[in-house]
Amino acid sequence: MNTSALRLVQLQNPLGNLLSPALASQIHTSSPLCRVVSGKYRITKKRDRPLTYEMANPPHYIAHRKSWNSWNTSNLKDGLRRSETAVEDEFIRRFMTGTWHGLVCSEVIIKRQFNHIRVAAIIRRAVSPTKMYFLLGYTEELLANWLQCPVTLEIQTVDSFQDVVFKYI
Amino acid sequence: MYSNINLPRQWSRLSYIYRTLTTLEGQTLPQSTKSSDGISPPPRIPRGPTDILQALAATVGPDPTAAHYKYHDDPYLIPLSNFRKRSYALSAEAGRKAAAWIRDEHAELFNTREWDPPGKMKTPYFNADPHIDAFAPKPLYNDESKVTEEDLKYTINNALLEDSLKIFQLLGGTSGVNEELRIAFLQLLCFYNEKEPDSMEWLEERWFSANIRERQAATWKLGGLADKIFESLEPKTSEAYCCIIQGMAKYYQAERAYVLTQEAKDNGIKLSTSVYNSLLGCIGFLKEGTALRTETLKSLLVEMEEQGISPNNETLTSCLRSISAWGGGKMLQQLALQIVAEFKKLGIEPGLSAYYYLLCLFCKERGPRVDILSGILNDLEKRESLEPKEPTDTNFFITAMGVCSDHLQDINLAERLHALLMKDDNYKLVGDAYKESIYYRHFVTVACRHAPFERTTQLLDMLVPNVYVPEPTVMEEIIKTLEVGGAGDRLAQVWSQLVVFGIAKRAKLVERLLSAMCSCYQYQENEVKEKMRAAAADVLRYSQLAEDKEETKDLRSPTQKLSATTLSNIIELCSDTQDKSDPNWDTVSEALQKLRRSEAVGVPNKPQVLADVAQKAATVGKAGIAAVAVTYLAECGFEEAISASTQVLGVMLNRPQEEVKQLLQERQGLDSLHPSALAIADAYHLAKTGAPAQDLDTSTSSESDSESSSEDE
């Protein structure tokens, strides 16, 4: 990553100073751990750490075996609101796991289309449907008010966490 | 690779500029339809912001195979009974309300645009960009709030009655508010009679709110704030008179309304059409007797003409509303038709409300059959669209379907009406949840009674359970239809539907279902028969579960017990097997035990069934079951007990009937018999003489023996 960014700067330089100030900040100085550690799970001694399908596939399988957790156009080239989107997504994830306490069995998937945010998750059937509907309405309304745009929850339910376990490591 | 990126970007920018230029030019072009070169583009049609969305929505029809879209599409979250539909939708709305409460209470936390750096904040209060009213915290008012006339304007425009009352007081009452705002406030008070209306924001609450029929009584608050504000207005304009008279007439304070009308007329103040409409609507509260009322109605209409006030659609509706409230009779019906004809001459077509009142007037429950509905439908079907204009418009479809079902009993008319309701987006005229369910209750009832069987089942498949969940009375109607149609397969399904809909504990309904199953059991195919047996066995299991639950949990309302007829029907269905190892025999024996422990209500209406079962059980080799059945028959004092006991004993001992009879008469050598046979012999004597052959001790022991023997098998 670091080297490619550098090469990019070198290639751009002869063309003029159109993009160089923005690119300067992309040179990483931290040690490159992304390929080795991040997004991967350590094997336990007893081999009893449950992994969902999403967790079982390391990041380099994104778009091959699994898909993205955030769907938006901010991170494309010339995308708008990059940092805002990232922070909002983090807020939504924390809000979901906190509001649906102990019920969320999967990653929270956030899909943005136009001004509409769709939040998908797999939920354990540990509370009655009536309570789930209460939480649904509450989450949608509060997030909509917070993010100033319509928010829809797309919930799927499973009987227990065991149903989403893909393997143990 | 990266070096040549810039060029296409410039190109795209250029083409963008080009495109904007052409569109700018294009916007000015199609103003007129004529042009010199013969090409005439159509004039520009102005579009609203939601027109495209509405056009898109019009392409999607209702989907009866899925739950309503307000419910979440997940097997765990799809409601299947009326109770669940209601509680799920209201729970979701309760969650929304909770969130809105938090937003309003902690408005200071919802104040900035999302994660804007503090430097970018424009105002300390609310910086969302663009500002969306629906997402903004609503202001809260209490006794310490500092309020201005702007606040009063805001609350009046949003129909927040309680808040506006408070602000009005804070502003210093009638003296602290200017004239214009006072009239606006008066209008609000008159419209709602100083009562907070149901919020528009909470759709589900409105949809499910219990059908509170507007009380037809003088509920106007005499000497209330509205009256005081009206007094304070000086000079009293026509606007002020109009709104106070309309308010009084709307809440049936007829006398005061008429006094004020007279006052206004004396002062030469011009009144509006709506004032006369509301006065026409409350004649019944002013005058007694049909003749007097009719006279007043006519004089009011004449007065309108004198004053040069042109009537409108609502005038017709309020006339008919008054007339329909005065009772029935030929004279009133004639009057109503006259009025409708007269208005048609003026070019005013009756709306849905007018038709609703006509139906009320002509189609009385115990009156002669009058078919005005087909004429009404002819008219409505011709119209381009049905626009809701008055709140009573939502009464039309439910009343018309009621007329189809009870008054005319005509399925063709009902289907035409339903087609009209389903056309375009007429479904919004169905009203609320309560009206919708009554509408479908009438529709399904008339279909069950008068439609061909295939059409009925087709209709049921479409409506149940996502659109409509039948109530117990309608379910009975459906069971009757299925019985007549001989659809054993569907009858077996009905049982599972009863469980899902939460009405399986209604003993009467279950009894009806099982007798229907029994009556058409004979001519079903084997596969269907098996399903019906399974359903019957499940009925017993379900009731057992319900009783167990009742014992463990102290429930407030006791569960209804299955009747003896139901049990004997279960026995009849489940005993239809030649296989000794069939698990249905367990069901039979359990049902028999239940009967003997007299846990069922009443006695079976077909004792012959039990006699037949006893014989069948004996043939198969289930002596215990046979013994219990015969004993029960004897204990209940049925005549069938005697013949049954001899027959069963004959089968068990493999001897001809005469010999058995003799054996029983002599009571000799009975002791050496199998305990079950002994029990049957006892039953024989019980039936014959009214007392068991041996003394009580031995009979009980033999009974227990018979039970144990049945378990042994």
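Residues numbered from 1 in each chain as written. Chains lettered and ligands numbered in written order. Predicted model: local features only at pLDDT ≥ 70, side-chain atom pairs only at ≥ 80, totals over all residues. Heavy atoms only, no water.

Chain B goes by Small ribosomal subunit protein mS39 in an unreviewed UniProt entry, where it is assigned to Galleria mellonella. UniProt lists a comment for chain B under the heading Sequence similarities (unreviewed entry), and it reads "Belongs to the mitochondrion-specific ribosomal protein mS39 family." (UniProt positions renumbered as here; feature names shortened; annotations may be inferred.)

Looking up chain A in an unreviewed UniProt entry gives the name 28S ribosomal protein S24, mitochondrial isoform X1, with the organism given as Galleria mellonella. The annotation that UniProt attaches to chain A under Subcellular location (unreviewed entry) is "Mitochondrion". Taken from UniProt, the Sequence similarities (unreviewed entry) comment for chain A reads in full: "Belongs to the universal ribosomal protein uS3 family."

S.K.: Which residues make up the side chain of E303 of chain B, and what values do they have?
M.R.: All names here are of chain B. Tracing the backbone shows E303 in helix α12 (residues 290–307). Residue classification places E303 among the buried residues on the basis of a relative accessible area of 17%. If sequence neighbours within four positions are ignored, E303 has contacts with K265 and Y276. (Helix = DSSP H or I, 4+ residues; strand = E, 2+ residues; numbered from the N terminus. Buried < 20%, exposed > 50% of the residue type's maximum accessible area, 1.4 Å probe, protein only. Contact = heavy atoms within 4.5 Å.)

S.K.: Can you break down helix α16 (residues 373–382) of chain B residue by residue, with the values?
M.R.: Along α16 of chain B, the residues that are buried comprise L373, S374, I376, L377, D379 and L380 of chain B. Next to the buried residues of α16 of chain B lie α15 (352–362), α17 (395–408) and α18 (411–422) of chain B.

S.K.: So what's going on with empty space enclosed by the protein? Which residues, and what values?
M.R.: Residue and element names in this part refer to chain B. As enumerated under the stated definition, the model contains two cavities of 30 Å³ or more in all. In this structure, the largest cavity encloses a volume near 120 Å³. Along the walls of the largest cavity sit 13 residues, with A504, K505, S543, Q560 and L562 positioned nearest its centre. For the lining of the largest cavity, the secondary structure elements donating two or more residues are α23 (507–519) and α24 (526–552). Examining the composition of the lining of the largest cavity, we find that five residues originate from one element, α24, more than from any other. (1 Å grid on protein atoms, 1.4 Å probe; cavity = no way out; pocket = protein on both sides within 12 Å on 5 of 7 lines; lining within 4 Å. Points joined across faces, edges and corners; volume = space filled by probe spheres on them.)

S.K.: Break down the interface of chain A and chain B for me, citing the residues and quoting the values.
M.R.: As a measure of interface size, the accessible area lost when the parts come together is often cited. Taken together, the contact between chain A and chain B spans 37 residues of the former and 32 residues of the latter. Summing the contributions of chain A and of chain B, the shared interface buries around 3,200 Å²; its carbon and sulfur component is 64%. Contact with chain B buries surface across chain A, with Y133, W146 and Q148 of chain A losing the most and accounting together for 24% of the total. Taken together, the links from chain A to chain B amount to two salt bridges. Between R96 of chain B and E140 of chain A there is a salt bridge, with its nearest N and O atoms 2.5 Å apart. Counting across the interface, chain A meets chain B through eight residue pairs in polar contact (both at pLDDT 80 or more). Secondary-structure elements contributing two or more residues to the side of chain A that touches chain B are α1 (2–12), α4 (82–99), α5 (129–147) and β5 (151–158) of chain A. Across the side of chain A that touches chain B, the residue classes tally to 21 nonpolar, eight polar and eight charged. (Buried area = accessible area lost by both parts, 1.4 Å probe. Salt bridge = Lys/Arg side-chain N within 4 Å of Asp/Glu carboxyl O. Polar contact = N/O pair within 3.5 Å; in protein donor to acceptor, adjacent residues only side chain to side chain. Nonpolar A, V, L, I, M, F, W, Y, C, P; charged D, E, K, R; others polar.)

S.K.: Kindly report on the environment of E384 of chain B, identifying the contributing residues and their values.
M.R.: Residue and element names in this part refer to chain B. Note on placement: E384 falls in the loop between α16 and α17. The exposure class of E384 is exposed, given its relative accessible area of 73%. For the pair E384 and D424, spaced 40 residues apart in sequence, the C-alpha separation works out to 9.9 Å. Sequence-distant contacts of E384, that is, excluding residues within four places in its chain, are made with K423 and D424.

S.K.: Would you mind going over a nonpolar patch on the surface in detail, with residue names and values included?
M.R.: Residues and elements named next belong to chain B. A surface patch of nonpolar side chains, amounting to about 350 Å² of accessible area, comprises I52, L53 and L56. Within the secondary structure, L56 is located in helix α2 (residues 51–58). Judged by its relative accessible area of 53%, L56 falls in the exposed class. (Patch = residues over 30% accessible without salt bridge, like charges linked within 9 Å, V, L, I, M, F, W, Y side chains within 5 Å. Areas by Shrake-Rupley, 256 points an atom, 1.4 Å probe, with all protein chains shown as cover.)

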